[in-house]
Each structure stands twice: as C-alpha cells, then as structure tokens.
Amino acid sequence: MKEKKTRILLISLICLVVVLGVVCTILLINNNKKNKNDDKPKSSEKIKKDDSVLPDDNTKPDDTTKPDEKDLATNVLTIDEERSIMSVIGKYYFRVLSWYGKDHKFTDNKVDGLMGYLLYSYMVSIDGDNYIEHFDTNEKWTFTKQQADSYFKKAFNMTPKKYEDILCPEDNEVLVIYDDVNEKFIFDDNHPGHGLAPIDYLDYYIASSTKKDNIYTVSIIFLYGNEMDGYYINDQELDLELDDAEDYAKAYKSYFKNNIKKYLDVPKYTYVFEKSNGNYFIKEFKLEK
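I will try to describe carefully the structure that is included in this document. (Residues numbered from 1 in each chain as written. Predicted model: local features only at pLDDT ≥ 70, side-chain atom pairs only at ≥ 80, totals over all residues. Heavy atoms only, no water.)

What follows is about the layout of surface pockets. In this structure, the second largest pocket encloses a volume near 260 Å³. Surrounding the second largest pocket, 16 residues form its lining, Val111, Asp112, Gly113, Glu164 and Asp165 being those nearest its centre. Secondary-structure elements contributing two or more residues to the lining of the second largest pocket are helix 6 (113-126) and strand 4 (166-167). Among the elements that take part in the lining of the second largest pocket, helix 6 stands out by supplying three residues, more than any other. When grouped by side-chain class, the residues that make up the lining of the second largest pocket number seven nonpolar, three polar and six charged. (1 Å grid on protein atoms, 1.4 Å probe; cavity = no way out; pocket = protein on both sides within 12 Å on 5 of 7 lines; lining within 4 Å. Points joined across faces, edges and corners; volume = space filled by probe spheres on them. Helix = DSSP H or I, 4+ residues; strand = E, 2+ residues; numbered from the N terminus. Nonpolar A, V, L, I, M, F, W, Y, C, P; charged D, E, K, R; others polar.)

Okay, here's the thing in structure tokens:
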C-alpha cells in the first residue's frame, strides 16, 4: 500500500513539472514577441526617423524636382508669336537695324538717322505707285507729320519730339526734306540715284526665342539680297555657282533652308520687343557676335 502511494506521488510530481515547463515556455515566447514588437518603431516614429535622413543639401527629394519660380516666367515663344513678331520686323523694315553695327536701345522720343530712313522706306512701301509716278511728273512726292507720328507710334510706341531732314545712308546727303512750317516731308528730287543694299529679307531662321512677362526676344539669321547687290546670310555674303537661267532668289532660299546648320555661328540679329495691348513694339536691337 505504501509503495502504491509513493508511485502516485511520483507521477503527480512529474505531471506538475511538465505543466510548469509548458507554462514557462508559453510565457517566454510571448515575452520574446513583445520585445520584438517594442523594438519596431510606431508609424509616427518611423516617419520622423525617415524625414531626418535627407540629402546632403538638406533638401527633400520632392523639392529637387520643383522648378524655380523665375524659370516659369521664361518660355520659348509659340509659332504664332514668332510669326507675329516676324511680321512686325518685315513690315517696319527692322532687319536693317543691323546697320547700327552695335547694340542699340530705343528709350526716348528722339529720331536718329537710321530711324528716319526706316520711316521713308515704310512710306514708299505703302505709297509706291505715287512715289514711282512722281519721277515722270512735276509733282512732289510727300507725306505728312501725322503719317510719320503714326509710323513711330505703331512701330516704336512713341511720338517723336521733333523731326529733321532724312539723310541717305549711302552718301549721307539729304534724301527727304522736312518742312517744319507745313509739317510735311518732301522727297528731294535733286538727290542722285544710286544703288543701295536691300532692306527687306527673303527668308529667316529663328535661332532662339524667349519671353519674360511682356518682353519678347528673338535671335534671327536672315537671308537677304538680290541679283544686283548680292545675297547675304546676315553679314556673310553668299556666292553660289548657279545657272544664269535659274531663279536666283528661289535657288538661294533653297540653299538657305538646306544648309542653315553651316551658318549657326554667324552673328545673330537679336530683337527685344515689348507687348502691349496685343501689339509688339521694338525696344532694343542687339548684334550677337
């Protein structure tokens, strides 16, 4: 009987040890899981830690791709804007602003010699029939101060304070007399006829164009000339070997289009315009060398 009790006590003791072992094992596993979870940062802590790891310049990655506000104000001109500006350059003969031979700003209401010649050229372009006919008659070819004021207002957005005689760029002699009393310009028929470099252009290539606010800038390579005076790409004369029967202007225009890459380093004619009420007014010319 005593031996039986001893055996039961021993079995009970063994069971108790097993149960205690299982309980300790469960508690140890749970404690390890808790410790691992405690080692992981909470979501807010993780964000804070990641934010502290920034590039060397202390700029967040999103900021590195954000364009500078100043860059947003400078854009390449649209095709329509370029065409509108080229129309103004052609209409008012601004191609020959290169005759200044240097940078030039139009900042006051004074008319210099070249501006006067542009006025004369423009008036001939809009009154060509009467201009040509007057050489066969005894009548004078004239235009008024009001017409001159209109030209400078439309082209330069200014009204000149005073006018003077217009001199010929070729010989520096009086070409058009200004009658201050009657406020009109009179062509001087005593001025000798002679050739003069062409003032318009045959074709063009816009090397660059930008705008900032209402200021528009275009840098241009022109093709201009004729059979008598020769053909030019800006300041560089072209001398192509062409058949006498060919259309020279057409042949040079074709050459210009197909070979423009050869002339990208020529001095550029750069024009700065101010846009106001839908119109473009010349403000500055630059000779980019």
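Having seen the structure, we can now continue with the description.
Right, let's talk about a negative patch on the surface for a bit. A cluster of like negative charges, contributed by Asp129, Glu133, Asp136 and Glu139, occupies part of the molecular surface. By the element assignment, Glu139 lies in the loop between helix 7 (128-133) and strand 3 (142-144). (Patch = residues over 30% accessible without salt bridge, like charges linked within 9 Å, V, L, I, M, F, W, Y side chains within 5 Å. Areas by Shrake-Rupley, 256 points an atom, 1.4 Å probe, with all protein chains shown as cover. Salt bridge = Lys/Arg side-chain N within 4 Å of Asp/Glu carboxyl O. Lys, Arg positive; Asp, Glu negative; His and termini not counted. Charge placed at Lys NZ, Arg CZ, Asp CG, Glu CD.)

Hydrogen bonds between backbone atoms are what pair the strands of a sheet, whose relative direction is either parallel or antiparallel. In space, the four strands of this open sheet follow the order 3-6-5-4, with antiparallel pairing throughout. On the outer flanks of this sheet lie strand 3 and strand 4, each paired with one strand and no other. Pairing analysis gives two bridges linking strand 4 to strand 5 (residues 174-179), with the strands arranged antiparallel. Following the sheet pairing, Ile166 is matched in strand 5 by Val176. Of the strands in this sheet, strand 3, strand 5 and strand 6 (184-187) touch helix 8 (residues 145-156), which is tilted by about 65° from strand 3. (Pairing = 2+ DSSP bridges. Contact = heavy atoms within 4.5 Å. Axes fitted to C-alpha atoms, helices over the stretch in contact; angles between N-to-C directions.)

Below, the discussion takes up the environment of Thr78. Its place among the elements puts Thr78 in the loop between strand 1 (74-75) and helix 5 (79-91). For Thr78 and Thr210, which are 132 residues apart along the polypeptide, the C-alpha to C-alpha distance reads 9.4 Å.

What follows concerns the side chain of Ser219. Along the chain, Ser219 turns up in strand 8 (residues 215-226). Classification of Ser219 by relative accessible area gives buried; the value is 11%. Apart from residues no more than four positions distant in its own chain, Ser219 is found in contact with Tyr205, Ile206, Ala207, Ser208, Lys268, Tyr269 and Thr270. (Buried < 20%, exposed > 50% of the residue type's maximum accessible area, 1.4 Å probe, protein only.)

In this section: the pairing of strand 12 (residues 279-288). Pairing analysis gives two bridges linking strand 2 (residues 104-105) to strand 12, with the strands arranged antiparallel. Looking at the pairing, Lys105 lines up with Glu284 of strand 12. Strand direction decides the pairing type here: strand 11 (residues 268-276) and strand 12, joined by nine bridges, are antiparallel. Residue pairing for strand 12: Glu274 is matched across the bridge by Phe281.

With the rule as written, the count across this model stands at six salt bridges. Across the pair Lys211 and Glu81 runs a salt bridge whose closest N-O atoms are separated by 2.9 Å. Linking Lys211 in strand 7 (residues 203-212) with Glu81 in helix 5, this pair joins segments that are 130 residues apart in sequence. With respect to class, Lys211 is no different from Glu81; both count as buried. Across the pair Lys257 and Asp203 runs a salt bridge, and its minimum N-O distance is 3.2 Å. Separated by 54 residues along the polypeptide, Lys257 in helix 9 (residues 248-259) and Asp203 in strand 7 bring together distant segments of the chain. Its relative accessible area of 56% is what places Lys257 among the exposed residues. Classification of Asp203 by relative accessible area gives buried; the value is 9%.

Attention now goes to the environment of Phe94. With respect to the helices and strands, the residue Phe94 is situated in the loop between helix 5 and strand 2. Phe94 sits in the buried class, given a relative accessible area of 0%. Sequence separation of Phe94 and Met115 is 21 residues, and the distance between their C-alpha atoms is 9.5 Å.

Here the focus is the side chain of Asp203. At 3.2 Å, the side chain of Asp203 and the side chain of Lys257 are in polar contact. Contact partners of Asp203, with chain neighbours within four places excluded, come to Ile221, Phe222, Leu223, Lys253, Phe256 and Lys257. (Polar contact = N/O pair within 3.5 Å; in protein donor to acceptor, adjacent residues only side chain to side chain.)

Tallied over the entire structure, the rule returns 37 aromatic pairs. Ring plane angle 45° and centroid distance 6.4 Å describe the contact between Phe94 and Phe273, whose orientation is recorded as tilted. Of this pair, Phe94 sits in the loop between helix 5 and strand 2 while Phe273 is found in strand 11, placing the two residues 179 residues apart along the sequence. Its guanidinium or amino end placed over the ring of Tyr224, Arg95 lies 3.5 Å from that ring's centre, counting from NZ or CZ. (Phe/Tyr/Trp six-rings, centres within 6.5 Å; stacked < 30°, edge-to-face > 60°. Lys NZ or Arg CZ within 6 Å of the ring centre and 35° of its normal.)

Counting through the fold element by element, Val124 comes out in helix 6. A C-alpha to C-alpha distance of 9.7 Å links Val124 and Trp141, two positions 17 residues apart in sequence. Not counting the four nearest positions on each side in its chain, Val124 is found in contact with Tyr131 and Trp141.

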